[in-house]
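# Residue-level structural notes
Okay, here's what each chain looks like letter by letter:
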Amino acid sequence: MKVLFIGDIYGEPGRKIFLDHIDELKAAHKPNIIIVNSENSANNGRGITQKFYKELMQKGVSAVTMGNHTYGQNELLTFMDDSHVIRPINYKAAPGKGYDLIKFNSQTLLVINALGRTFMNANMESPFFEIEKVINEVKADYVFVDFHAEATSEKVALGHYLDGKVSAIVGTHTHIPTADERVLPKGTLYITDVGMTGPLDGVIGVDKDIVVNRFLYGYSLPNQVAITKNQLNAVILDLKNKTIKRIHLED
Ligand SMILES: [Fe+2]
Ligand SMILES: [Fe+2]
């Protein structure tokens with residue numbers, strides 16, 4: 001079972017580089033299932049619109065994971081129940097679902113999204129226990145986790161906690177790719193962060209001057225998506241043969 005996972009699609013630049021390259025990525029890597037993190041894909045970098053959700057489906061995406069910006073677009077509430085959008089499982093009582101069961105031929109892939117708590121929103125259930133509950137309740141041939149978290153320590157710790165219990169854990173949220181893709185000791189594929197899909201020369205997607213000024217003076221204009229060269233960051237995983245490789249493109 002080959003899975004192509006695309007890291008956080010950010011704003012119009014992220015949507016464009018994704019749409020420009022997804023066909024060639026499919027041809028080159030022949031994934032059985034495509035999963036994208038789309039928490040930043042709307043124009044302001046927050047949430048997802050129904051229009052882009054439909055474009056993802058048309059391109060053959062099977063599941064759309066989210067993160068702390070899940071509810072950035074109100075319109076999500078009008079279509080999420082009827083969609084493959086997966087919000088973090090450890091939100092206490094938020095609309096939507098925290099996992100999805102995808103079928104490919106006669107096999108099943110359980111896709112779970114979870115949010116970290118360290119340096120993030122502490123008012124969440126434990127991602128460790130909530131993921132464990134689902135994998136004990138929902139039977140599937142393979143399990144894929146998008147762990148949307150800030151702290152590398154929390155991500156590596158979850159990797160070891162779930163090692164041997166899930167097929168793969170990929171990190172998202174920091175927008176910076178890490179070079180630690182590996183097979184953990186008990187066989188789980190792991191990477192701390194896949195990196196983002198969007199502007200290359202902003203600060204994690206935002207116009208660089210706005211963010212630099214915020215660090216210099218403590219305030220700045222509201223965030224705007226950077227207009228620069230673009231990047232696409234992804235991983236291709238073979239869940240059966242246990243391989244994980246990074247993909248990086250620039251336009
Ligand atoms: Fe993000
Ligand atoms: Fe995020």
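Below: a short report on this structure.

### Regarding the coordination of the iron ion (ligand 2)
Distances from the iron ion (ligand 2) to its protein donors, E39 (OE), N68 (OD1), H148 (NE2) and H173 (ND1), fall within 2.1 to 2.2 Å. If you look at the iron ion (ligand 2), its four donor atoms make angles of 88 to 150° with each other, and the shape they trace is irregular. Every donor residue of the iron ion (ligand 2) comes from the same chain, spaced as E-x28-N-x79-H-x24-H. Separation of the iron ion (ligand 2) from the iron ion (ligand 1) amounts to 3.3 Å, with E39 serving as a shared donor to the pair. Linking N68 in the loop between β3 (61–65) and α3 (76–79) with H173 in the loop between β8 (168–172) and β9 (182–183), this pair joins segments that are 105 residues apart in sequence.

### Some thoughts on helix α2 (residues 50–58)
All of the buried residues along α2 are F52, Y53 and L56. Here the buried residues of α2 occupy an arc of 105° about the axis, which is enough to place them on one side. Along α2, the residues that are exposed and aim more than 90 degrees away from the buried face are K51 and Q58. The inward-facing, buried residues of α2 abut α1 (11–29), β2 (33–37), β3, α3 and β4 (85–86).

### Examining the packing of aromatic side chains
Under the defined criterion, the tally for this structure stands at five aromatic pairs. An angle of 65° between the planes, with centres 5.7 Å apart, marks the rings of Y71 and Y91 as edge-to-face. You can see Y71 sitting in the loop between β3 and α3 and its partner Y91 sitting in the loop between β4 and β5 (99–104), a full 20 residues away along the chain. Given a relative accessible area of 27%, Y71 falls into the partly exposed group. Ring geometry for F128 against Y161: centres 5.5 Å apart, planes inclined by 65°, an arrangement best described as edge-to-face. Pair noted here: F128 is in helix α4 (residues 127–137) and Y161 is in helix α5 (residues 152–162), with a separation of 33 residues, a long-range link. Taking relative accessible area as the criterion, Y161 reaches 29% and is therefore assigned partly exposed. One residue, K165, lies across the ring of Y161, its end atom 4.5 Å from the ring centre.

### A short note on the coordination of the iron ion (ligand 1)
Ideal values differ by geometry: the angle at a metal is 109.5 degrees with four tetrahedral donors, but 90 or 180 degrees with six octahedral donors. Coordination of the iron ion (ligand 1) by the protein involves D8 (OD), E39 (OE), N40 (OD1) and H175 (NE2), with metal-donor separations of 2.1 to 2.2 Å. Coordination at the iron ion (ligand 1) is irregular, judged from the four donor atoms that bind it and the angles of 91 to 161° they form at the metal. All donors of the iron ion (ligand 1) belong to a single chain; written as a sequence motif, their spacing is D-x30-E-N-x134-H.

### Here's the deal with the side chain of N113
Turning to its location among the elements, N113 is positioned in strand β6 (residues 107–115). At 2.9 Å, the side chain of N113 and the backbone nitrogen of M66 are in polar contact. Look past the residues within four positions of N113 in its chain and what remains in contact with it is T65, M66, G67, I86, R87, P88, I89, G98, D146 and H148.

So, how was this worked out
- Residues numbered from 1 in each chain as written.
- Chains lettered and ligands numbered in written order.
- Predicted model: local features only at pLDDT ≥ 70, side-chain atom pairs only at ≥ 80, totals over all residues.
- Heavy atoms only, no water.
- Donors = N, O, S within 2.8 Å, 3.2 Å for Na, K, Ca; no water.
- Tetrahedral: all angles 85-135°; square planar, octahedral: opposite > 155°, others 65-115°.
- Helix = DSSP H or I, 4+ residues; strand = E, 2+ residues; numbered from the N terminus.
- Buried < 20%, exposed > 50% of the residue type's maximum accessible area, 1.4 Å probe, protein only.
- Arc of directions from axis to C-beta.
- Contact = heavy atoms within 4.5 Å.
- Phe/Tyr/Trp six-rings, centres within 6.5 Å; stacked < 30°, edge-to-face > 60°.
- Lys NZ or Arg CZ within 6 Å of the ring centre and 35° of its normal.
- Polar contact = N/O pair within 3.5 Å; in protein donor to acceptor, adjacent residues only side chain to side chain.

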